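Listed below are the residues making up each chain.
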Amino acid sequence: MTVAPPLANPLRAGPRLGRTPQPCALVIFGGTGDLTSRKIVPALYNLALQRLLPAAFAVVAAARHSISPERYRETLHADLLEFSRTKPINEDVWRSFAENVHYVTTKDESGYDVLRERLADLDVRAGTNGNRLFYLATPPSAYEPIIDMLKAHRLTENVNARVVIEKPFGQDLASASALSKKLQGVFTEDEIFRIDHYLGKETVQNILVLRFANGIFEPVWNRQYVDHVQITVAESLGIEERAAYYEQAGTLRDIVQNHLLQLVALVGMEPPVSFDANAVRDEKLKVLRAIRPIAPADTAQHVVRGQYGRGFVEGMPAAAYREEQGISPTSTTDTFVAIRAFIDNWRWEGTPFYLRTGKRLPKRSTEIAIQFRAAPHAVFSREAAEDMEPNALVLRIQPDEGISLKFGAKVPVQGIRIRSVNMDFVYGASFMVDAPDAYETLILDALRGDATLFTRQDEVEQQWRFVDLIARAWSEGHGDLPLYPAGTWGPAEADLLIARDGRAWRNA
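The following paragraphs examine the structure supplied in this document. (Residues numbered from 1 in each chain as written. Predicted model: local features only at pLDDT ≥ 70, side-chain atom pairs only at ≥ 80, totals over all residues. Heavy atoms only, no water.)

### Some details on the packing of aromatic side chains
The condition that has to hold: In this scheme Phe, Tyr and Trp rings, the latter by its six-membered ring, pair at centre separations within 6.5 Å, and the angle between planes marks the pair as stacked below 30 degrees, edge-to-face above 60, and tilted otherwise. Comment: elements are numbered from the N terminus, with helices defined as DSSP H or I runs of at least four residues and strands as E runs of at least two. Relative accessibility decides the category of a residue: with a 1.4 Å probe and only protein chains considered, values under 20% of the type maximum give buried, values over 50% give exposed, and everything between is partly exposed.
By the definition in use, this model includes 15 aromatic pairs. Between the aromatic rings of Phe134 and Phe187, the centroid separation amounts to 6.4 Å while the plane-to-plane angle is 65°, which identifies the pairing as edge-to-face. You can see Phe134 sitting in strand E4 (residues 131–136) and its partner Phe187 sitting in the loop between helix H6 (173–183) and strand E6 (192–194), a full 53 residues away along the chain. Given the relative accessible area of 0%, Phe134 is considered buried. Looking at Phe187, the relative accessible area reads 0%, which means it is buried. Arranged with centres 6.0 Å apart and planes meeting at 45°, the rings of Tyr427 and Phe431 form a pair that is tilted. With Tyr427 and Phe431 both in helix H11 (residues 427–431) and four residues apart, this pair spans about one turn of that helix.

Pasting the structure below:
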């Protein structure tokens, strides 16, 4: 455990009120990996560009490759030119930032001694004052060995240390619990930041603002007025270079266990007493615990899985999943999952939540649709309202970030004719600024010690409890694995899942 006094509690200041983090050294394990070059370093540069990093700040990248610090900085600069969200690069800001970027080779245990010495030197020379943020941007198989090395080489002793760990957090409940136990042998739970980058997206955070900063939505945000909820996380891409990982995880573990269930929690939660880490996560946990478990015998009625075959995506031919490099021609891995879920509590009892996610769908799109019940009494004739669709509030997470409210309006003709229209809020048009990347938000919050947008151990484990039942049912032979052509919205069985209730997916 860390034994130095804890940093001042940042939560009272609020997570996004512009408070500058305390001096800190950020240690990135996996410093030569794709996540570092594509996301972490561009996020750090853009934070520096906005002057949001502390004046006393240093980055120490750690990886197995032998490379000079100068060459490493050159590589990062080249990556930044490609992956930064803001261009052109401000070279003055980059030079100032790069002066505080260091590199340590950790291909054997001696590298961790060098790392400890380098951090101690930075405490004095750069003024980082014993504050550490360890970022595990490595494959999951490296998490436990790195944690063991941090403990064995006393890298968390007599300092203020936190750790950021990427998903996937375990492969099931047992492995997730074991990883938490391993981490808690070195860090306290308050020092562990389990990252889900979806929670850092502006549009995801705006779910809470929409619901709890406005007085008009919350009164109708319940079973009395909501007919059902649809949450779709669609990707047009295939598995790219992730064959080994995807064969082990599949869509159920890769997306449903974290992103999708976190969106369900944000939509379904009760108002927190305040916007701080424990209050928000306590309410999310209540929702996760209230999601009705799906028994193996009921899996086929409530869950549909699929795997993409050959097809066309955005006009281009796409190979079948079993034809992807590194994938077995007899693979039974799911690349599509649809779930009919229920939240057994006072607010949502009997209201279905239809969840859907998949690879090689027609387009990249993440949205939450709250579909409301029809008016209780039909004042207008059936002919007048035949073009009217149900009222819906649609939150577009990506792309075209924004919110749309669908309602009926009179068509300007003689007589009464009603048609559905949309009232749209678009982020880019309303604020005229680019939203920060999710990693900028999450890294800054981790530096501040604000865990509001990170998942807690009990959340992660509850999500695994729900997912493990489905995975076990599939392993026992419950549920088929139909193929769907790449570029379509999944197997026909997914349409039947929702059609049995007299409803249909939003595929616009």
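Let's pick the thread back up.
### A word on the environment of Phe312
Spelled out, the test is: The criterion used for residue contact is that any of the two residues' heavy atoms lie within 4.5 Å.
With respect to the secondary-structure elements, Phe312 resides in strand E9 (residues 311–313). What makes Phe312 exposed here is its relative accessible area of 57%. A C-alpha to C-alpha distance of 5.2 Å links Phe312 and Gly487, two positions 175 residues apart in sequence. Not counting residues up to four positions away in its chain, the partners in contact with Phe312 are Pro317, Ala318, Ala486 and Gly487.

### Focus on the packing of helix H8 (residues 243–268) against helix H13 (residues 457–475)
Rules: Interaxial angles span 0 to 180 degrees and are taken between N-to-C directions of axes, which are lines fitted to C-alpha atoms, for helices over the stretch in contact. Relative orientations are named as follows: roughly parallel for angles under 35 degrees, roughly antiparallel for angles over 145 degrees, roughly perpendicular for angles from 65 to 115 degrees, and oblique for any other angle. Working rule for handedness: look at the near helix, and if it is turned counterclockwise from the far one by less than a right angle, call the crossing left-handed; if clockwise, right-handed. Under the convention adopted here, Pro, Cys and the residues Ala, Val, Leu, Ile, Met, Phe, Trp and Tyr are nonpolar, Asp, Glu, Lys and Arg are charged, and Gly plus all remaining residues are polar.
Across the interface, H8 lies against H13 with an axial gap of 10 Å and an inter-helix angle of 135°. Here H13 runs oblique to H8, going by the angle between their axes. As H8 runs across H13, the sense of the crossing is right-handed. Here Leu252, Arg253, Val256, Gln257, Asn258, Leu261 and Gln262 of H8 come into contact with H13, specifically with Glu459, Val460, Gln463, Trp464, Phe466, Val467, Ile470, Ala471 and Trp474. Class assignment for the residues of the contact of H8 with H13 results in ten nonpolar, four polar and two charged.

### As for the pairing of strand E1 (residues 24–29)
Remark: a regular strand shows side chains that alternate across the two faces of the sheet. The condition is simple: Should DSSP find at least two bridges between two strands, the strands are taken to pair. Clockwise travel from the first strand over the helix to the second, with the strands pointing away from the viewer, marks a crossover as right-handed.
Where burial is concerned, most of E1 is hidden: six out of the six residues are buried. Side chains Cys24, Leu26 and Ile28 project from E1 onto one buried face, and the interleaved Ala25, Val27 and Phe29 project onto a second face that is buried too. Where E1 meets strand E2 (residues 57–63), six bridges bridge the pair, whose relative direction is parallel. Note that in E2 the partner of Ala25 across the bridge is Ala58. Following the chain from E1 across helix H1 (residues 34–49) to the adjacent parallel E2, one finds a crossover that is right-handed. Sheet analysis places E1 next to E4, joined by five bridges and oriented parallel. Within the sheet, the bridge partner assigned to Ala25 lies in E4 and is Arg132.

### Side note on the sheet that holds strand E15 (residues 402–410)
An order of E16-E15-E14-E13-E7-E12-E11-E8-E17 is seen for the nine strands of this open sheet, with the pairing classed as mixed. Edge positions in the sheet fall to strand E16 (418–426) and strand E17 (483–485), since each of these pairs with one other strand and no more. Looking at each pair of strands side by side, their axes are set apart by 20° on average, direction ignored. In this sheet, strand E13 (residues 365–372) lies alongside strand E7 (residues 226–234) in antiparallel orientation, the contact comprising eight bridges. By the bridge assignment, Ala234 is partnered in E13 with Ser365.

### Side note on the nonpolar core
Stated precisely, the cut-off is as follows: Remark: nonpolar core denotes a set of buried residues (Ala, Val, Leu, Ile, Met, Phe, Trp, Tyr, Cys) joined through side-chain atoms within 4.5 Å. The start and end points of each domain follow an automatic or database-based domain assignment.
Phe29, Leu44, Phe134, Ile339 and Ile368 are the most contacted members of the largest nonpolar core, which totals 121 residues. Considering every element that reaches this core, the biggest residue donor is H8, with ten residues. The two domains that each donate at least three residues to this core are domain 1 (24–166) and domain 2 (199–375 + 455–499). Ignoring sequence-local partners within four residues, the contact set of Leu44 consists of Leu26, Ile28, Leu53, Phe57, Val59, Phe97 and Ile443. One finds Ala249, Val304, Ile327 and Leu497 within the second-largest nonpolar core, a separate group that totals 20 residues.

On their own, these measurements won't tell you what the molecule is for.
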